[in-house]
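# Structural overview for review
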Amino acid sequence: MKLSNVALLVSACTALTFSLPTYAEGHANSAVRWVIDTNGVPHKNKFDSFDGWFSKALPYGQKAVAISGSYFHYKPNISQGAGYAYDEFSSFVISDSGNAYRDSAQGWQNVSGCWQAKDISSHTLENAYCVTGDGTLKQYNQQTNSFDGYISIANEQISKIDVSSEGHVWAVTDSKKIFKYANNTWTAVETGCNDSCWPTNIAVGADKVYVVAQHRTGPGMGSTDLFTLENNQLNFYGNYIEVDIDRDNNFWGITSWDLKLLYKKPGMTDAQPYYSFPSWRVTAQNIGG
């Protein structure tokens, strides 16, 4: 998801095989977040003893405007006294030139088929989709390393997407409507406030659907905040301008007023600032998953 300065999401660290227990102990199964900084450079992170953000610039000085996630797997091997780790490499990124790339151990690798790309989301390689310049969807094909097919919504152009753990695509269109794609069928999703709110982005977790929406707060007044979508109704959640839910169902958001990067793990009552990413670099317009 994502336009401009910051996108945050799930992806995973480089595929490595560890032979020393001291290294293996530093890793764990984890979703890995991507943050696009104010210079358009992606940074990735996961929860472990090597906590930090590691930059991975795009080729040719391009700026990242949308990014999707992956997962880092760690499997202990007690018999050998060490574990091993690998990255799914299911992270994709879109540049400000409309090009799509996939993460790999060798860096960002070009992926064809998504012309003038404007948004991207994935939940494993089997369920990775991009939005083309004409507002239609294409799905990633591992055999050809390209985005193939043509998935459209009648009389609508897609602007933002998020893929759920079931592989369903949730979409926001240019007309500020929400649709869900499952079993090869698009279904319109009601929000209960069509004349007073206008969705701009969406993030799907294991137990909630989050919607960033512009909404009317009074005569001639408006605001952008975060809502949950429950029973075809938008319910106010908090003062966030962007949100993403990673593969471990962790909540990540950027606050409306002071542009802080906050996170909340399952079981936590309140979201907390994630201080290891410099706050002065979080000048975000979009986060994505």
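Throughout what follows, the structure given in this document is the object of discussion.

### Focus on the environment of Gly192
Within the secondary structure layout, Gly192 lies in the loop between β18 (185–189) and β19 (197–204). For Gly192, a relative accessible area of 52% gives the class exposed. The sequence separation of Gly192 and Asn232 amounts to 40 residues, and the corresponding C-alpha distance is 6.3 Å.

### A short note on the state of the cysteines
Taken as a whole, this structure holds two disulfides when the rule is applied. Each sulfur in the disulfide pair Cys114 and Cys130 lies 2.1 Å from the other. Around the S-S axis, the bridge from Cys114 to Cys130 shows a dihedral of about 120 degrees and counts as right-handed. With Cys114 in the loop between β10 (109–111) and β11 (119–122) and Cys130 in strand β12 (residues 128–131), this residue pair connects regions lying 16 residues apart in the sequence. Like Cys114, the residue Cys130 is buried in the burial classification. Bridging Cys193 to Cys197, the disulfide has an S-S length of 1.7 Å. Across the S-S bond of Cys193 and Cys197 the torsion is about 70 degrees, and the bridge reads as right-handed. Cys197 matches Cys193 in its accessibility class, with the two residues each being buried.

### What to know about the sheet that holds strand β17 (residues 178–182)
Taken together, the four strands give an open sheet; going across it, the order is β15-β16-β17-β18, and neighbouring strands pair in antiparallel fashion. Only two strands of the sheet have a single partner each, and these edge strands are β15 (158–163) and β18. Taking each pair of neighbouring strands and ignoring which way they run, the sheet shows an average axis angle of 25 degrees. Looking at chain direction, strand β16 (residues 169–173) and β17 are connected through four bridges and run antiparallel. Across the sheet, Val169 pairs through a bridge with Tyr181, a residue of β17.

### As for the sheet that holds strand β25 (residues 261–264)
Taking strand neighbours across the sheet as the criterion, the four strands line up as β23-β24-β25-β26 in an open arrangement whose pairing is antiparallel. The sheet is open, and its two edges are formed by β23 (240–245) and β26 (272–273), each paired on a single side. By the bridge criterion, four bridges tie strand β24 (residues 251–255) to β25 in an arrangement that is antiparallel. When the sheet's bridge partners are listed, Phe251 is paired in β25 with Lys264.

Reading guide: rules and limits
- Residues numbered from 1 in each chain as written.
- Predicted model: local features only at pLDDT ≥ 70, side-chain atom pairs only at ≥ 80, totals over all residues.
- Heavy atoms only, no water.
- Helix = DSSP H or I, 4+ residues; strand = E, 2+ residues; numbered from the N terminus.
- Buried < 20%, exposed > 50% of the residue type's maximum accessible area, 1.4 Å probe, protein only.
- Disulfide = S-S within 2.5 Å.
- Pairing = 2+ DSSP bridges.
- Axes fitted to C-alpha atoms, helices over the stretch in contact; angles between N-to-C directions.

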